[in-house]
Amino acid sequence: MWLIKYMQRNAGPIVRWGQDPANLLLLLGLVSGLVLVFLLPPYQVADEWGHFFRAWQLAEGKLLGSGLGDYLPANLQRFNWEIESFFGIPTRQPVPWQETVEFLRGLAALRIDVPDVSYVIFPTVLYAPVPYLGMTTAIALGRLVTDSPLLLMYLGRLGGLCLALTLTWYAIRRAPFGKWALFLMAMTPVIAFQRAGMSADGFINALAMLHVALVMELACEPGRKVRAVDLFRLGIVTVVLCLCKQAYLILPLLHIVIPRDRFSRPGDARLARYWLPVLGWVTAVWWAATVMRENYEPMKDGCDAIGQLRWILVHPLQYLLVLGRDLAEYGYRYLHEMIGTLGWLDIPAANWLVLTHALVLAIVVLTADDCRERLTPFIRGWSVFILITSLGFVLTLMYLWWAPVGDSNLPGMQGRYFAPFLPLLLLIFAGLWPRRAMLPAAAPRVAPHPAGPWPWLLGGYGLFLTLETLYRVLVHHYR
C-alpha cells in the first residue's frame, strides 16, 4: 500500500491520465485490439464470414439482398473456401506460425474480379446497416487502394474496433458514476474479443453501454437539466440501438426513470420517456418489414416464427417451462459464454477466471460511491423490470427463429447475447455496499474518480484481463 501512495504522490501527467478509466480503456483496448485484429486468423470470430459479406455488400451500396443472401464477387466465396481448407471454421487445430504466415501471404495475393459474381448465402443480410458503419466505411475506403479481400477484412476489423472503442470511451465519460465498473465490463474478455473482429456485437455492446450511460447522466447527475442537445443525442442512440437487433427493443423503456422535474417543458418529458422509444420501435418494425419482404426464409427446417408465436400464446405455461428448464440447465454455460468463451465457443476460459471476473464486477458495482441517494427505489426497481423483461425477450426471439414449433428445447442461444445488459447492473446494485465502509480513506464524495488504491488495482486487473485474453487466443491458434 505504501508503494501505491508513493506512486500517487509522484505521478506525472501521463500516469494521472492513465488513472482515468475512459483513457485506460482506450489504451488497453487499442493495444489488445490491434494485436487481435492482425494476429487472429480470418473468420475465427463467431459468424465473422457472414458479417464480412454484409459489410462488403453495404460498401457496394446495396442495402438489401435476395432471400438469405446476395450476389457478391465470386472470389469472396473462394476466399471462404481457402480459409476453411487451411484453418477450418472454427479452427480444427493449431497451425505452426510459419505455415500460417506463408498461407496468409498467398491469400493476400487473391484479388476480387468484380464482374464475376455468384450467389452467396449469409443470414446477416437481415441486419440493418448501422452496426456495420465502422467496418463498411473502412472497407469502402480500402477499396480505393486495394482489391485484396484479406487486407480489406483486416481494414474492416480495424474500422469496427475504432468505432466501438470510441463509443465505449464516450459512454464512460458521460456516466455520472460507476466509471470503473463500465471499464471492467468493457474489458470483459468476450466483449474485448468481439470488439476486434468483423462482428456486429462489438458495436452493439458499445452502443448499449452508451445508451445506459446517457440515461444515468440525465436521471442521476445532481442538478442536471435535460436540454435539446440531450434529447437529440438520446434519440439518435435509441433509434440506432433499436435498428441493431430486435433483442434490445426493451432497453428504451429505461427512459422512464428520468424524473419529470429534470425537463423544462412537459412536452420534452413526454418526448424523452415515451416518444423516443416509440420512434425506435417504429424504425425497427419498418426495417423488419422491409427486409422480411425481400429476404425472409426460415432459418431451419420446421421453423415458423408466426406459427411459433401462435403456439406460445396458446400454451404460455408450457413455454415458461421451456424457458425455466433451459436456464436451469444452461445458466452457468451462458455466464461462461458471456464472460470468457471466445471464438466459435472453442476457446473457453478457466472456470476460476469466469468466477473471479463475476466477483470483481459485483464488488466494483456494489461499492460504487456517491450514488446511493441518486438511485431511488423506483430507478432500481424499474431497471430490474427492464433486465428481466429483456432477458425473456431475447430467449423468446431465439425460440421464434431457431426452434421448430412447440419444441421443448431452445437452440441457438449463446451467452454473448446477454452482454449488452451488463450496464443495467449499475442502476440496480450500485452503492448498496459503500466503499467508504471498507476504506475510510477513500475519496470525498465529490471526486469524479476514486482515489486511494482503487485506480491502480482496477487498472492492473484490466491489464491482467488483456494479457490473459491475448495469451489464450495466441496459444490456441499458434502453439
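One can find the structure itself at the top, above this paragraph.
Definitions and cut-offs
- Residues numbered from 1 in each chain as written.
- Predicted model: local features only at pLDDT ≥ 70, side-chain atom pairs only at ≥ 80, totals over all residues.
- Heavy atoms only, no water.
- Helix = DSSP H or I, 4+ residues; strand = E, 2+ residues; numbered from the N terminus.
- Contact = heavy atoms within 4.5 Å.
- Patch = residues over 30% accessible without salt bridge, like charges linked within 9 Å, V, L, I, M, F, W, Y side chains within 5 Å.
- Areas by Shrake-Rupley, 256 points an atom, 1.4 Å probe, with all protein chains shown as cover.
- Salt bridge = Lys/Arg side-chain N within 4 Å of Asp/Glu carboxyl O.
- Buried < 20%, exposed > 50% of the residue type's maximum accessible area, 1.4 Å probe, protein only.
- Axes fitted to C-alpha atoms, helices over the stretch in contact; angles between N-to-C directions.
- Parallel < 35°, antiparallel > 145°, perpendicular 65-115°, else oblique.
- Left-handed = near helix turned anticlockwise from the far one by under 90°.
- Nonpolar A, V, L, I, M, F, W, Y, C, P; charged D, E, K, R; others polar.
- Expected span 1.5 Å × (residues − 1).
- Polar contact = N/O pair within 3.5 Å; in protein donor to acceptor, adjacent residues only side chain to side chain.
- Core = buried A, V, L, I, M, F, W, Y, C linked by side-chain atoms within 4.5 Å.
- Lys, Arg positive; Asp, Glu negative; His and termini not counted.
- Arc of directions from axis to C-beta.
- Phe/Tyr/Trp six-rings, centres within 6.5 Å; stacked < 30°, edge-to-face > 60°.
- Pairing = 2+ DSSP bridges.

Helix and strand counts for the chain come out as 19 helices and two strands. Sequence-distant contacts, at least 24 apart, represent 81% of the contacts inside the chain between residues at least 6 apart.

Moving on to a nonpolar patch on the surface. A cluster of nonpolar side chains, namely Leu-271, Tyr-274, Trp-275, Val-278 and Val-282, defines an oily patch on the protein surface of about 460 Å² accessible area. Mapped onto the fold, Leu-271 is located in helix α13 (residues 266-295).

Looking now at the pattern of salt bridges. Summed over the entire model, instances satisfying the criterion amount to 20 salt bridges. The shortest N-O distance in the salt bridge between Asp-20 and Arg-173 comes to 2.9 Å. Of this pair, Asp-20 sits in the loop between α2 (13-18) and α3 (21-39) while Arg-173 sits in helix α8 (residues 149-174), and the two are 153 residues apart along the sequence. For Asp-20, a relative accessible area of 11% puts it in the buried group. We classify Arg-173 as partly exposed; its relative accessible area is 41%.

So, about the environment of Arg-310. Here Arg-310 shows up in helix α14 (residues 305-314). Residue classification places Arg-310 among the exposed residues on the basis of a relative accessible area of 54%. It is 9.1 Å that separates the C-alpha atoms of Arg-310 and Val-405, two residues lying 95 residues apart in sequence.

Our next topic: the packing of helix α7 (residues 133-142) against α8. Two elements in contact, α7 and α8, have axes separated by 7 Å at closest approach and are oriented at 140°. Taken together, the axis directions place α7 and α8 in an arrangement best described as oblique. Crossing of α7 over α8 shows right-handed handedness. Facing α7, whose interface residues are Leu-133, Gly-134, Met-135, Ala-138, Ile-139 and Gly-142, α8 presents Leu-152, Leu-155, Gly-156, Gly-159, Gly-160 and Leu-163. Each residue belonging to the contact of α7 with α8 can be placed in one class, and the counts come to seven nonpolar, five polar and no charged.

Once that is clear, we can look at α3. Over its 19 residues, α3 runs 26 Å from end to end, which matches the ideal 27 Å to within 8%, given 1.5 Å per residue. Pro-21, Ala-22, Asn-23, Leu-24, Leu-25, Leu-28, Gly-29, Ser-32, Gly-33, Leu-36 and Val-37 are the residues of α3 that are buried. Where α3 begins, one side-chain oxygen reaches toward the backbone nitrogen of Ala-22, 2.8 Å away; that side chain belongs to Asp-20.

Moving on, we come to the environment of Ala-247. By the secondary structure assignment, Ala-247 is in the loop between α12 (228-244) and α13. Apart from residues no more than four positions distant in its own chain, Ala-247 is found in contact with Phe-393, Val-394, Leu-397 and Phe-421.

Here we come to the nonpolar core. Ranked by internal contacts, the top residues of the largest apolar core, which has 148 residues, are Phe-52, Phe-183, Met-185 and Leu-426. At 16 residues, the largest contribution of residues to this core is made by helix α11 (residues 200-220). The residues touching Leu-426, leaving out its near neighbours within four places in the chain, are Phe-177, Gly-178, Ala-181, Leu-182, Met-185, Met-216, Val-365 and Leu-375.

Turning next to the side chain of Arg-273. Following the sequence through the fold, Arg-273 ends up in helix α13. Buried charge without a salt bridge: Arg-273, with Asp-261 as the nearest opposite-charge side chain at an N-O distance of 9.1 Å. In terms of polar contacts, Arg-273 uses its side chain to reach the backbone carbonyl oxygen of Ile-256, at 2.7 Å. At a separation of 3.4 Å, a polar atom in the side chain of Arg-273 contacts the main-chain carbonyl oxygen of Ile-258. Setting aside anything within four residues of it in sequence, one finds Arg-273 in contact with His-255, Ile-256, Ile-258, Arg-260 and Phe-263.

Our focus in this paragraph is unusual backbone geometry. Note: most residues except glycine have negative phi, and most peptide bonds are trans. Of note in the backbone geometry, Tyr-43 takes a positive phi value of approximately 65° without being a glycine. Positioned with a positive phi, Asp-47 is a non-glycine residue whose angle comes to about 60°. Relative to the elements of secondary structure, Asp-47 occurs in the loop between α3 and α4 (48-59). Given the relative accessible area of 30%, Asp-47 is considered partly exposed.

With that settled, consider helix α16 (residues 351-366). For α16, with 16 residues, the first-to-last C-alpha span of 23 Å sits near the 22 Å given by 1.5 Å per residue. Regarding α16, the residues found buried are Leu-353, Val-354, His-357, Val-360, Leu-361, Val-364 and Val-365. Buried residues along α16 cover an arc of 135° about the axis, so they all sit on one side. For α16, the exposed residues set more than 90 degrees away from the buried face come down to Trp-352 and Leu-359.

Here the distance between the centres and the angle between the planes together describe a pair of aromatic rings. Overall, the coordinates contain 23 aromatic pairs when judged by the stated rule. Relative to Phe-421, the ring of Tyr-248 lies with its centre 5.4 Å away and its plane at 65°, an arrangement referred to as edge-to-face. With Tyr-248 in the loop between α12 and α13 and Phe-421 in the loop between α17 (377-402) and α18 (424-429), this pair connects stretches of sequence that are 173 residues apart. Residues Tyr-248 and Phe-421 agree in their burial class; the two are buried. The rings of Tyr-43, Phe-52, Trp-56 and Phe-79 are connected pair by pair, giving a single aromatic cluster.

Where burial is concerned, most of strand β1 (residues 69-73) is hidden: four out of the five residues are buried. Relative to strand β2 (residues 117-121), β1 is paired through five bridges, and the arrangement is antiparallel. Bridge pairing in β2 links Leu-72 to Ser-118.

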